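Spelled out, the chains give:
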Amino acid sequence: EVLKELNFNKNQQLQVHKELNELKYISISGIDLSKNSKYGKFIDNLSKQAILNYREYVILPSITVGQAILESGWGESQLTQKSNNLFGIKADNRWNGKSVNIQTGENYNETVVASFRAYSSIEDSIKDHCEFLNINSRYTENGVFESKDYKEQEQALEDAGYSTKENEKGEKIYADILIDVIKKYNLQLLDHKAQLNDN
């Protein structure tokens, strides 16, 4: 719509989209995000499911992939390796599936052993993440699904209690950490792609 308002012709619009596409491989973190890199492959492998889930559950793809990076350490965490659980979702009394017990950090300097959900695939983990947010009323009450962009949505997730992560002063820091991950790895471009296809 912006390009049309600026009276860009078809060739100019194609050039802009081509250059936007190339931007996703340039990271302010210095990490190679090309499709052949470990990091690029991880993002690419989750993107399709994250975009599909956005259309059904209204969780922005940048949030889904950003949380997966943060919570699973690029898919290399002990929890993810043992259970395909990308998001650190615990197995409470509502969970009927398999579970694993893993030691985890809860606050600034505290660790506990907790029971986490186990999945047969990464795709199941991504889908359950979105379902988990949708069925828990605290996420609706805190405006997660009303959010206009990833910054608003992440702050709403933190306000709803998704993570108890705190700094040494006892201040909640999960939203700031996730926003930084999204910016570092150009994940907001996934939102652009998903929203472009919605129009």
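## A few points about the environment of S147
- Here S147 lies in the loop between α7 (137-141) and α8 (150-159).
- For S147, a relative accessible area of 16% puts it in the buried group.
- For S147 and L60, which are 87 residues apart along the polypeptide, the C-alpha to C-alpha distance reads 9.3 Å.
- The residues touching S147, leaving out its near neighbours within four places in the chain, are E152, Q153 and A156.
- Polar contacts involving the side chain of S147 include one to the main-chain carbonyl oxygen of G143, which spans 2.9 Å.

## Considering the nonpolar core
- In terms of nonpolar packing, the biggest core is built from 40 residues, with I43, I69, Y139, Y162 and L187 touching the most fellow members.
- At the level of secondary structure, the elements contributing two or more residues to this core comprise α3 (38-57), α4 (61-72), α6 (122-135), α8, α9 (174-184) and α10 (188-198).
- The greatest single-element share of this core, amounting to seven residues, is contributed by α3.
- When residues no more than four places from it in sequence are discounted, the contact partners of I69 are F42, I43, W74, V181, Y185 and L187.
- Counting six residues, the second-largest nonpolar core is a separate cluster that includes L79, V100, I102 and F116.

## Here's the deal with the pattern of salt bridges
- Taken as a whole, this structure holds seven salt bridges when the rule is applied.
- As a salt-bridge pair, E56 and K127 come within 3.7 Å of each other at their nearest N and O atoms. Of this pair, E56 sits in helix α3 while K127 is found in helix α6, placing the two residues 71 residues apart along the sequence.
- Assessed through its relative accessible area of 30%, K127 is described here as partly exposed.
- Close ionic contact of D92 with R94 constitutes a salt bridge, the shortest N to O distance being 2.4 Å.
- Under the relative-accessibility criterion, D92 is labelled partly exposed at 27%.
- When salt bridges that share partners are traced, they join D92, R94, R117 and D128 into one network.

## Some words on the packing of aromatic side chains
- Summed over all chains, the structure comprises seven aromatic pairs.
- Centroid distance W95 to Y119: 5.7 Å. Interplanar angle 65 degrees. Geometry classified as edge-to-face. With a gap of 24 residues between them, W95 in the loop between α5 (78-83) and β1 (99-107) and Y119 in the loop between β2 (110-117) and α6 connect regions that are remote in the sequence.
- A ring pair is formed by F132 and Y139, whose centres lie 6.1 Å apart and whose planes are at 55 degrees; its orientation type is tilted.

Thresholds, definitions, all that
Residues numbered from 1 in each chain as written. Predicted model: local features only at pLDDT ≥ 70, side-chain atom pairs only at ≥ 80, totals over all residues. Heavy atoms only, no water. Helix = DSSP H or I, 4+ residues; strand = E, 2+ residues; numbered from the N terminus. Buried < 20%, exposed > 50% of the residue type's maximum accessible area, 1.4 Å probe, protein only. Contact = heavy atoms within 4.5 Å. Polar contact = N/O pair within 3.5 Å; in protein donor to acceptor, adjacent residues only side chain to side chain. Core = buried A, V, L, I, M, F, W, Y, C linked by side-chain atoms within 4.5 Å. Salt bridge = Lys/Arg side-chain N within 4 Å of Asp/Glu carboxyl O. Phe/Tyr/Trp six-rings, centres within 6.5 Å; stacked < 30°, edge-to-face > 60°.

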